[in-house]
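Descriptive structure summary
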Amino acid sequence: MDQPRRCRGGLRRPALSTTTGTRRRQPQTVGPLVNRLEAILTARGVDPDAMTAAPPDEPVTALEMADARIPARYRGALADHPQITAWAEQIARAGRPGPAGAPGISEGGSLLIAGPTGTGKTHQAYGAIRALLARGVRLRWEATTSADLHARLRPRTGQDTERELRTLARCPLLLLDDLGAAKTSEWTEELTYRLVNHRYEHLLPTLITTNLPTDELRTTLGDRVASRLAEMTERVILTGPDRRRHTRT
Ligand SMILES: Nc1ncnc2c1ncn2[C@@H]1O[C@H](COP(=O)(O)OP(=O)(O)OP(=O)(O)O)[C@@H](O)[C@H]1O
Ligand SMILES: [Mg+2]
């Protein structure tokens, strides 16, 4: 896995400017057409300076930026499970200050959030990401379901799928949703192994959700993946009814 590449929320975004995780929107630079526009405005008796004044600075929080990438259903998710809030607390405290002063996450524990359908696993996982961002943690993260992962990384012409795998494997925080829910084959087993193994070896915090009970993890994901998950994750078991059948939005 050579040629490092930053995942979304990394280099492509400006660094956060304060420890509270905020940055300022920069005024947009207008191209050469501005001179022509100014001439037209002047000819019509309009002061171009009044039109081109920079918009007032508008603070954008890291949480607001992240919410734009979080699926709408989980955009307001709050992690209220004690093990998950404790994990977020521990990861936030372990963060080292980055170049802009805000703490960043590096090595840390992972969670395996397990439970039947609709018990809130994905909700808790996005809630954990939001909890870190709300605390001002400088966070580069990626999220994918295992079914999307397989689709995304299936070899196809013109796509550097190895590069995509590296992006996910190296991202400081990864949410791997619905692990074991997609159809498996030797190829998906190998892919999951490479992803999990990289994160296992480098102690990279990973949030994993699954519907599979513990004894089925091994048969579905293979012994190598199940063994690494057993060591690298703390298990969080969610119980209760299917919330989808009780609430409707
Ligand atoms: N703590 C919570 N407070 C409010 N709504 C919640 C909470 N947990 C889950 N929900 C809502 O319940 C529904 C199911 O939650 P979620 O999608 O997280 O379940 P899941 O366990 O991931 O299900 P699946 O196994 O099918 O992926 C969603 O509409 C979600 O927004
Ligand atoms: Mg889910």
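Residues numbered from 1 in each chain as written. Chains lettered and ligands numbered in written order. Predicted model: local features only at pLDDT ≥ 70, side-chain atom pairs only at ≥ 80, totals over all residues.

1. What to know about the sheet that holds strand β5 (residues 110-114)
Selection criterion: A pair of strands counts as paired when DSSP detects no fewer than two bridges linking them. Under the DSSP-based scheme used, a helix requires at least four consecutive residues in state H or I and a strand at least two consecutive residues in state E, with every element numbered from the N terminus. Lines fitted to C-alpha atoms define the axes here, with helix axes fitted over just the stretch in contact, and angles between the N-to-C directions of these axes take values from 0 to 180 degrees. Whether two residues are in contact depends on their C-beta atoms, placed from the backbone: they are in contact if these lie within 7 Å.
Spatially, the five strands line up as an open sheet ordered β6-β7-β8-β5-β9, and their pairing is parallel. What marks the edges here is a single partner per strand, and that holds for β6 (141-145) and β9 (233-237). Shown here is a sheet whose adjacent strand axes are inclined to one another by a mean of 15°, direction ignored. Relative to strand β8 (residues 206-210), β5 runs parallel, the two being bridged by four bridges. The residue of β8 that forms the bridge with Leu-111 is Leu-207. Running over the sheet, helix α6 (residues 146-153) touches β6 and β7 (173-177) and is turned about 95° from β6.

2. What to know about the site of ligand 1
Which entries qualify depends on this criterion: Using a C-beta atom placed from the backbone, a residue is scored as near a molecule or strand whenever that atom is within 6 Å of it. Throughout this entry, Asp, Glu, Lys and Arg are counted as charged residues, while Ala, Val, Leu, Ile, Met, Phe, Trp, Tyr, Cys and Pro are counted as nonpolar. The remaining residues, Gly among them, count as polar.
Contacts to ligand 1 come from 15 residues, most closely from Gly-120, Lys-121, Thr-122, His-123 and Arg-243. Ranked by residues supplied to the shell around ligand 1, first place goes to helix α5 (residues 121-134) with three residues. Of the residues that constitute the shell around ligand 1, the class distribution is no nonpolar, nine polar and six charged.

3. Details of the pairing of β8
Counted only if it meets this: Whether a residue is buried, exposed or partly exposed is read from the other C-beta atoms within 10 Å of its own C-beta, which are placed from the backbone; 20 or more gives buried, 12 or fewer gives exposed, and intermediate counts give partly exposed. Think of it like this: strands point away, you trace from the first strand over the helix to the second, and a clockwise trace means the crossover is right-handed.
Most of β8 is tucked away: five of the five residues are buried. Side-chain alternation along β8 places Thr-206, Ile-208 and Thr-210 on one buried face and Leu-207 and Thr-209 on a second face that is also buried. For the crossover from β7 across helix α8 (residues 186-201) to β8, the handedness is right-handed.

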